[in-house]
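Residues per chain are reported as follows:
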Amino acid sequence: MTTFDLLDDDVLARTLALALRTGADFAEVYATDWRGVGVGLDDGRIEELSTGRNTGAGIRVIHCETTGFAHTADLSPAGLAAAASVAAEAARQGDGATRSIALAERPQRVVSPIEIDPSSIGKAAKVALLRRVDDAARSTGGAITQVSAGYSDGRTRVVIANSDGLLARDERVRTLLRVSAVANGDTGMQTGFDSLGHTMGFELFDKVSVEEVARTAAQRALTKLRARPAPSGSMPVVIKAGSGGVLFHEACGHGLEADLVAKGASVYKGKVGELVASPLVTLVDDGTMTHEWGAIAIDDEGHASQYNVLIENGVLTDYMWDFLRARKEGRSPSGNGRRQSYKHLPMVRMTNTYVLNGDEDPGDIVRDTDHGVYVAHLGGGSVNTATGDFVFGMTEAYLIENGEITEPLREGNLIGNGPQVLRDIDRLGNDFAMGNPGTCGKDGQGVPVGDGQPTLRVKSLTIGGTAS
Amino acid sequence: MSGPDRSGELLAIAERVVAMARPGEQVEAYVGRGVSTEVRVYEGEVEHFVSAQSQGIGIRVIRDGRTGSSSAGSLDESVIAEVLVEARDNLGYGEVDEWAGLAAPDGVAVTPQNLWNDALESATPARKIQLAKDLERRTLAIDGRVRVDDSNYMDAFGESAVATTTGIRVAGRENGCHLSVGTLADDGDETQTGFGFAVGRDPEALDIEKAAVDAVERATRLLGATKPESRRTTIVLDPYCTAQFLGIIGSTLNGESVAKGRSLFASRLGESVATPLLTLVDDPTDPRAYTATDIDGEGLAARRNVLVSDGVLKMFVQSSYSARRLGAATTGNGVRGGYGGGPGAGCLALQIVPGARSQAEIIAGIDDGILIQQVQGLHSGVNPVSGDFSTGAAGLTISKGALGTPVREFTIASTLQKMLLDIAEVGGDLEWLPMRATGVSLVIHDVTMSGA
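Thresholds applied
Residues numbered from 1 in each chain as written. Chains lettered and ligands numbered in written order. Predicted model: local features only at pLDDT ≥ 70, side-chain atom pairs only at ≥ 80, totals over all residues. Domains from an automatic or database assignment. Contact = placed C-beta atoms within 7 Å. Helix = DSSP H or I, 4+ residues; strand = E, 2+ residues; numbered from the N terminus. Nonpolar A, V, L, I, M, F, W, Y, C, P; charged D, E, K, R; others polar. Buried ≥ 20, exposed ≤ 12 C-beta atoms within 10 Å, placed from the backbone. Arc of directions from axis to C-beta. Core = buried A, V, L, I, M, F, W, Y, C linked by C-beta atoms within 7 Å. Pairing = 2+ DSSP bridges.

S.K.: Help me understand the domain arrangement of chain B, please; the structure alone is not making it clear to me.
M.R.: Residues and elements named next belong to chain B. Along its sequence, chain B is carved into domain 1 (9-219) and domain 2 (225-452). Spacing between the C-alpha centres of domain 1 and domain 2 amounts to 23 Å. Taken together, the contact between domain 1 and domain 2 spans 32 residues of the former and 29 residues of the latter. For the side of domain 1 that touches domain 2, the elements supplying multiple residues, two or more each, are strand E1 (26-42), strand E2 (45-63), strand E3 (66-72), strand E4 (146-164), strand E5 (169-187) and strand E6 (190-200). A total of five residues in the side of domain 1 that touches domain 2 trace back to one element, the largest contributor, which is E5. Among the residues making up the side of domain 1 that touches domain 2, the classes are represented as 14 nonpolar, 14 polar and four charged.

Okay, structure coming up:
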């Protein structure tokens, strides 16, 4: 991959100086240049190939408790100057002296090395992937009546400079494949979904079979044709390895974000050092996990991503931090300051959040469950961090009867209370796996995240089905 | 307004691109530009003040049934030229679709609406900050147990223009503003949350008091909530919850889903799919709607479409593509996600035609049920293809016509098909919200509630 200069150091320093002119404590320029390709297949046809580009810079100015923010798609010195003035005006609290900024560039860090830059691959090869997906999904079963699939790749060049002298650059490549299938039967239509996404180049498709992803999606739809309504009420739930990381993302991940903690909007406020989960649980947020969807070399404030232990053997060890909150607390950031694009302010966000392995055979966990639900794939979820109440959707699930996985169940939400569910984890397997690529939404911004866990059991969760 | 954007500049750009079409090509240029402000206040101070500007162009080129598209977040001449070249190149990879094509003028005139308020343009940053501060202050003044998580003022000004080789030449603009507040109510170790909104086009006409009262009530009345027993019951959906459901119901009435075999209502045109009490319209020509607009994403006049009339399914919303493919009339429902997104079919501003009674009157007539005040996880718990739905919820029990104890951490579940038939009353309490659907109280029988 080529190196680049999205913006001159000189222009960055001048823009920062201008942004500080109204007396602010801190100024930052975050500039990106994104280029991407998307191909959509639906209804047996490559519908459209589209390409896009987006370049721009967001300028953040902080004075005391107030943040001013403006962004521009114009990266010329004049365009940046205009945005800097608007941001400075927005944060204005007085008139300050002129400060000049000396930027010290940090060596570029690589967490996910890219072998094949997707932009070096012809569009025809990307189209061909989707044709293979369509064929594989449709040949999984005659009841598959519709398949839609999407391929996308994107490459973002980033430069971040701030008035503390930080200067960091990064290149981010993400490659994604999504497959959704519809099956039709006597019970109506059912859907199945699967996806594959990594901070990797086109070499992803040398390592993973797209047919496999397609068949998984199709099989999920087919299985649900014979599914019965999910039960309602509380019961034990076993969650398959690599399918339930979203449980931790919702049950406690968001509640461990320092911005929500600072506002007293988290049930985990003031709980550092306390037992907040079953002693089986060690939870990590790890931005350095090579090639995972949430991996980042640096966060969107220019700080190196880290391996952060959040819960160790059930004890809450730390929250996740962005620069703003960490600065207030006089501590170092944890590499969790992220944003959707240059048009957005950074916030505390997760990266790859996962539970470390336990030591049990996953088969034993099912065998020891008399009656309950086995969840093999989860959809999205959401949480109210102030109450800890969270939900997540099961998109592939089965009944457990007498220690055996039996009939498939239709879709439904599971609901629980974060602190309670963490304490109720009573079995933990030794088969750790990462799950599907996810997009985490917070305050209207989406960022790519990963999650993972070994097979585990929650003693009691409420299943939101319709059967009694 | 509408009419052309003030300078005509965006339309001129779109027309210039269209003029570059080669023989045999259909070309569409969509040009958009927006400015927005977001002020967040916390504990009497401005937490952030965001001033956002964006602009961009999306170009589609269709030739011999193949479509290619490209977009860029810039209106720079050289970038636009590159986008056109890219779109042309991309069409070589699309497959032939006999229905591929652009919208063409369909003879429906634009409904004149007042979607632009000059007063909003002259609101000063200081005034915007003041409004968010007032909302925080008034919220805190109502109840000592309440904290404010964030108090926000937001406004947006958008202009767009569409030109095509098929004769579309339109431009429009709209602006609007809203206030929102998030609350936390504490009682000992327990915390509950609430929220309130005020929506409009005139910052001085926003109903701050209602936003404050709603946010305080929603949070405080959940204090002490317990997990209810599992059972089947009657629910009353609060207008905000109804609006969230409407968004999902709207997605099942989409012509593109019908054409591609993904709509559970595909073969039900002319049939009763809901209680006769339900009339559902998509009406972007009602200027009170947050998403009111005069043109759709393909440049056709936005219009009032009756989707369900007295319970009978009347029509699906169409993009020009889905209409062509289904042999249906265009409905002006091309939806784009900004300049980068291709137009698909979608609802623009859903609304249930309101009934007569207030929520309080409705509740007074219910012997046993639950008022659902918050739903959680609709995006993960509803499958618009199969119709299964299951969502987390919180609310208040209704007993002998009165609101009773608060309940939380339970789910409500049914299917969309069944729920539409089980609607027992539509409230008269239309509520305008910062979303694509309008709220109204709904009474629904026989919903499964799953709790302890």
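Here the narrative resumes, following the displayed structure.
S.K.: Honestly, helix H1 (residues 9-19) of chain A in this entry has me stumped. Any pointers?
M.R.: One turn of an α-helix holds 3.6 residues; hence residues three or four places apart share an orientation. Residue and element names in this part refer to chain A. When H1 is considered as a whole, its buried residues turn out to be Leu12, Thr15, Leu16, Leu18 and Ala19. The buried residues of H1 all sit within an arc of 160 degrees when viewed along its axis, so they share a single face. Among the structural elements, strand E1 (26-42), strand E2 (45-63), helix H2 (77-90), strand E5 (144-162) and strand E6 (166-185) are those in contact with the buried residues of H1.

S.K.: I would appreciate a short explanation of the domain arrangement of chain A in the present structure.
M.R.: Reports of interface size often rely on the accessible area that becomes lost once the parts have come together. All names here are of chain A. Considered domain by domain, chain A is made up of domain 1 (9-225) and domain 2 (232-464). On a C-alpha basis, the centres of domain 1 and domain 2 stand 23 Å from each other. On the domain 2 side, the residues contacting the 30 residues of domain 1 number 26 residues. Put simply, the parts of the chain that give the side of domain 1 that touches domain 2 at least two residues each are E1, E2, strand E3 (66-72), E5, E6, strand E7 (188-198) and helix H5 (210-225). Of the residues forming the side of domain 1 that touches domain 2, the biggest block, five residues, is contributed by E6. In terms of residue class, the side of domain 1 that touches domain 2 is built from 12 nonpolar, 12 polar and six charged.

S.K.: Whenever I open this one, the nonpolar core confuses me. Can you help?
M.R.: Side chains that are nonpolar tend, in soluble globular proteins, to be buried together. Formed by 264 residues in total, the largest nonpolar core has its most connected members in A:Ala19, A:Ala87 and B:Ala14. Leave out the neighbours within four places in its chain, and A:Ala87 touches A:Ala19, A:Ile59, A:Arg60, A:Val61, A:Gly68, A:Phe69 and A:Ala70.

S.K.: Teacher, can you tell me more about the interface of chain A and chain B here?
M.R.: Contacts between chain A and chain B engage 66 residues on the former and 60 residues on the latter. The class makeup of the residues in the side of chain A that touches chain B is 19 nonpolar, 34 polar and 13 charged. Judged from the five bridges that link them, E2(A) and E3(B) form a sheet pairing that is parallel. Considered in E3(B), the bridge of A:Thr51 is made with B:Ser70.

S.K.: Before we go on, may I ask you to explain the environment of A:Ser85 in this structure?
M.R.: Residues and elements named next belong to chain A. Along the chain, serine 85 falls in helix H2. Taking the C-beta count within 10 Å as the criterion, serine 85 has 17 such neighbours and is therefore assigned partly exposed. Distance from serine 85 to threonine 455, taken between C-alpha atoms, is 53 Å for residues 370 residues apart in sequence.

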